[in-house]
Every structure is written in C-alpha cells, then in structure tokens.
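# Architecture at a glance
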Amino acid sequence: VDEPKFSIALDQQEIALQLGEQHKCKVTFTPLTEVTDQDIVWSSTDDSIAAVVSAQGEIMALTPGTATITAVSQQDGRVSASMKVTVSEEGIESQEVSSGQELTEALSASAGKEVLLTLKSQESQITIPEGTYENVTLVVDAPKATIDNSAQFKQVLIREIAEDTWCEKSGNKIFIDSASGHLTV
C-alpha cells in the first residue's frame, strides 16, 4: 500500500471561541520537502456553529455548540488534520431579527454590548441606515433580499442573499458563504 509522503497538523487540536469571534487555523506540513501543493480543503461538521469563511482556514463562531473543523490536503486527500471548536455565548448577546425594521431597532439597542445579530428575512428590499456598530457581528440569511448597507459593523457574514443583492457603502469586513449573490462595494 502506498503511504502518504507527508503529514499535516493544525496549530491547535481544540479551541474555545465566543459567538462572532474568528480564528485563523495554521497548517504545518511535515516534511515540507515532499509537498508540491500546500492548498487545503476546509470543512466543518456543522456550519451553523463554526463556519469556514475563507480558503485560508479562517473560521467564524456562529452559534453555541461544538463542531469539528477538518483540513484535507489537496495534494493527497488521505492526509488530514482536525480541530474541535467549542462556541460559547458567555458575555455575548445573540438575537435573530426578521425584517429591516427589527434590525434597525436591534442596532439601536446594541450600544455597549457584544452582539451577534442574525438577519433571517424573506423581505425583498432591506436598507441598513448609517451608523457605527463596532461591537456587532451581522449574519445575513435573507435569500430574497437586496440589501443596501450604510452601517459599519465589526464584521458581516453573508450566508444567503438573492442575486445582485449587497451594496456596501461602509468598508466592512465581509465574509461570503453563499452559493449566489453579488457584492457591490
């Protein structure tokens, strides 16, 4: 049997994150001399708890619970490493809103608190007014919505939006985990 010529390891085998927090996983190849392709395919056992939001292994904590993040070598699919991610909401307020109006009200009430806001809406047009919400992580799950954003957030994760849908006017750090959609900056 042909054995893999190298192995990979992640910087941590277990990590605890707060809601909305991010972590960039670091991969080590051993021995590096046998590696011709350092690309990694990332996955999560539960994207609703901890989602992989970049090809570089950046993960975001979305809901309390436990998920396993797995890194698989693109050069040799038999070579992998995993990390257990436990997400807690201690000290973080988590709220789901279903309309643009509810979102505006929740943002008004968010001052001084770490907040994870999930916009889960079936509305077709949502306008987010100007404002600075450096303590708010916004998760967007609005498959029919066109969103015109003028607010500044800690970060934004777009899970689902309609095509031609996000108009960004505030320079936010945005992660897209959506099969469709169009981002205009």
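So, how was this worked out
Residues numbered from 1 in each chain as written. Predicted model: local features only at pLDDT ≥ 70, side-chain atom pairs only at ≥ 80, totals over all residues. Heavy atoms only, no water. Helix = DSSP H or I, 4+ residues; strand = E, 2+ residues; numbered from the N terminus. Polar contact = N/O pair within 3.5 Å; in protein donor to acceptor, adjacent residues only side chain to side chain. Contact = heavy atoms within 4.5 Å. Pairing = 2+ DSSP bridges. Axes fitted to C-alpha atoms, helices over the stretch in contact; angles between N-to-C directions. Buried < 20%, exposed > 50% of the residue type's maximum accessible area, 1.4 Å probe, protein only. Arc of directions from axis to C-beta. Core = buried A, V, L, I, M, F, W, Y, C linked by side-chain atoms within 4.5 Å.

## Examining the side chain of S44
- Mapped onto the elements of the fold, S44 is located in strand 5 (residues 40–44).
- Polar side-chain contacts of S44 include one of 3.1 Å to the backbone nitrogen of D46.
- A polar contact of 2.6 Å, which involves the side chain of S44, links it to the backbone oxygen of A50.
- Discounting residues that sit within four places of it in the chain, S44 has contacts with A50, V52, A67, T68 and I69.

## Concerning the sheet that holds strand 7 (residues 58–61)
- In spatial order, the strands read 3-7-6; together these three strands make up an open sheet with antiparallel pairing. Pairing within the sheet leaves two strands with one partner each, and these edge strands are strand 3 (22–24) and strand 6 (50–52). Geometrically, the sheet is characterised by an average inter-axis angle of 25° between neighbouring strands, direction not taken into account.
- In this structure, strand 3 lies alongside strand 7, joined through three bridges in antiparallel fashion. Pairing of K24 across the sheet is with E58, part of strand 7.

## Section: helix 1 (residues 100–108)
- Inspection of helix 1 places G100, L103, A106 and L107 among the buried residues, and these make up the whole buried set. Buried residues of helix 1, viewed axially, fall in a sector of 120°; they line one side. Across from the buried face of helix 1, at angles greater than 90 degrees, the exposed residues are Q101 and S108.
- The inward-facing, buried residues of helix 1 contact strand 10 (92–97), strand 11 (114–120), strand 12 (125–142) and strand 13 (146–161).

## Looking at the side chain of T137
- By the element assignment, T137 lies in strand 12.
- One polar contact links T137 to Q155, side chain to side chain, over a distance of 3.3 Å.

## Details of the nonpolar core
- Grouped together as the largest cluster of nonpolar side chains are 33 residues, with contacts concentrated most on I8, W42, I59 and V85.
- Mapped by element, the contributors of at least two residues to this core are strand 1 (7–10), strand 2 (14–18), strand 5, strand 6, strand 7, strand 8 (65–73) and strand 9 (80–88).
- With four residues, strand 9 is the largest single contributor of residues to this core.
- Among residues more than four places away in sequence, those in contact with V85 are I15, L17, A50, I59, G65, T66, A67 and I69.
- The next biggest cluster of nonpolar side chains, apart from the first, holds 22 residues, and it includes L103, L107, I126 and I158.

## Here's the deal with the pairing of strand 1
- Side chains I8 and L10 project from strand 1 onto a buried face, and the interleaved S7 and A9 project onto a face without burial.
- Here strand 1 pairs with strand 4 (residues 27–30) via four bridges, running antiparallel. Bridge pairing in strand 4 links A9 to T28.

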